[in-house]
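# Examination of the molecular architecture
The residues making up each chain are set out below.
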Amino acid sequence: MKIIVFISELESDIQQQWLALIKQQLINETILLPHQISDTQAKSIDIAIVANPNPNDLARYTDLIWIQSLWAGVEKLTSGILNKSVKLVRLIDPQLAQTMAESVLAWTLYLQRNMAEYAQQQASKRWNQLPCISSNELRVSVLGAGTLGSAALNALNKLEYQLSCWSRTPKQYHDIKSYSDFNGLKIMLGKTDILINLLPLTQQTHHLLDKELLSELPKGSKLINFSRGAVIDTHALLELLEIGHLSHAVLDVFEQEPLASSDPVWSNPKITVLPHISAPTNMHTASEVVGNNIKMYRENNVIPKSVDIKQGY
Ligand code: NAP
């Protein structure tokens, strides 16, 4: 009987919940934690299930064939996988995409209907009606049109926003403008009222949204970052909010998490801070996805679509 190793830096009770749910899906498998596995056993393990581990903790498993991540974002592993022949499979869960689409819709409406400003007005008992722009007049652009980006675009489309997206390879949508390459990005940004970032963090996207690119957005435009903090140069963002070029940002992700209590971002009235909660993994549906992936591999020797390590996603 083959062993599957479960590697994470999760708190022990959360780790136990994951293990229990995954074991329910894989009743014929032996799933163990690293300390339960001898060095000899480690050498024969072909599958690791991981939740954002330290990549060095994988080094002992020299015969690994593939790694199933419980997270959708895998930037920590793409830079650290030791054995380049090992396949890395991210979590692709329709429930996660649905949750992200709901968040994108909720926070786009929050910005569209000036909710942050009204909360501030209420705090100072100010009665002031701000312009009410309908969704079909608002230009909303999504960076990334993958699993989460395309679910977000579908949800936004139902409210008839003027939609655009940007991705590495161009997309064919009936009623959404698709842009690719750097020039396409600049053009799209110039026609955007609300920008939503759903790009993975890679070498190419690290600090992609710097001062130059953020300045391409029209004056008064707004930003939502739901993928990774480091895709945006925070100093540039703060500067553009300060001078009023951008009017508000909703940030769910940060270069340092949790955000330090001393971080000025907390008290910036033009920033809404969320604690990395736009699309939390649903343990039940994710365990089912992982279970099915592993069963398919055991039965047919098919490894699910894996990350392109060179591209970083
Ligand atoms: P995905 O399916 O891999 O999609 C990535 C998209 O980004 C694709 O459209 C891809 O283009 C595009 N892209 C990648 N690199 C690019 C580049 N250099 N230039 C232009 N476009 C580029 O990923 P996903 O499942 O949608 O997830 C996106 C990210 O969301 C994850 O990496 C993770 O960081 C984040 N996330 C956040 C939360 C949260 O709670 N905040 C939860 C889950 C995930 P192509 O279509 O051409 O390949």
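Residues numbered from 1 in each chain as written. Predicted model: local features only at pLDDT ≥ 70, side-chain atom pairs only at ≥ 80, totals over all residues. Heavy atoms only, no water.

The environment of the ligand is made up of 29 residues, and the closest members are Ala145, Leu148, Thr169, Lys171 and Tyr313. Contact distances for the ligand include 3.4 Å between an oxygen atom and a side-chain N or O atom of Arg228. At 3.0 Å, a backbone N or O of Ala279 approaches an oxygen atom of the ligand. Contact with the protein chains removes 91% of the 940 Å² of surface that the ligand exposes when unbound. Tallying contributions element by element places helix H6 (residues 147–157) first for the shell around the ligand, with three residues. Here the residues of the shell around the ligand sort into twelve nonpolar, twelve polar and five charged. Among the domains, domain 1 (3–93 + 281–300) and domain 2 (94–273) are the pair contributing at least three residues each to the shell around the ligand. (Near = heavy atom within 4 Å. Polar contact = N/O pair within 3.5 Å; in protein donor to acceptor, adjacent residues only side chain to side chain. Areas by Shrake-Rupley, 256 points an atom, 1.4 Å probe, with all protein chains shown as cover. Helix = DSSP H or I, 4+ residues; strand = E, 2+ residues; numbered from the N terminus. Nonpolar A, V, L, I, M, F, W, Y, C, P; charged D, E, K, R; others polar. Domains from an automatic or database assignment.)

Another point: the pairing of strand E9 (residues 194–197). Side chains of E9 alternate between two faces, with Ile194 and Ile196 and Leu195 and Asn197 buried alike. Both strand E6 (residues 139–143) and E9 contribute to a ladder of four bridges, which runs parallel. What sits directly across from Val142, in E9, is Ile196. Pairing analysis gives four bridges linking E9 to strand E10 (residues 221–225), with the strands arranged parallel. For Asn197, the partnering residue across the bridge sits in E10 and is Asn225. (Buried < 20%, exposed > 50% of the residue type's maximum accessible area, 1.4 Å probe, protein only. Pairing = 2+ DSSP bridges.)

All right, on to the sheet that holds E10 then. A sheet is described by the order of its strands in space; here seven strands give the open sequence E8-E7-E6-E9-E10-E11-E12, paired in parallel fashion. With partners counted over all chains shown, the strands left at the sheet margins are strand E8 (177–179) and strand E12 (271–273), one partner each. Going from strand to strand, the sheet's axes swing by 15 degrees on average, the running direction of each strand aside. For E10 and strand E11 (residues 246–251), the ladder comprises five bridges, and the chain directions are parallel. Within E11, the position partnered with Asn225 by the bridge is Leu251. Packed on one face of the sheet, H6 meets E6, strand E7 (162–166) and E9 and runs near 170 degrees to E7. (Axes fitted to C-alpha atoms, helices over the stretch in contact; angles between N-to-C directions. Contact = heavy atoms within 4.5 Å.)

Taken by themselves, the reported measurements are silent on function.
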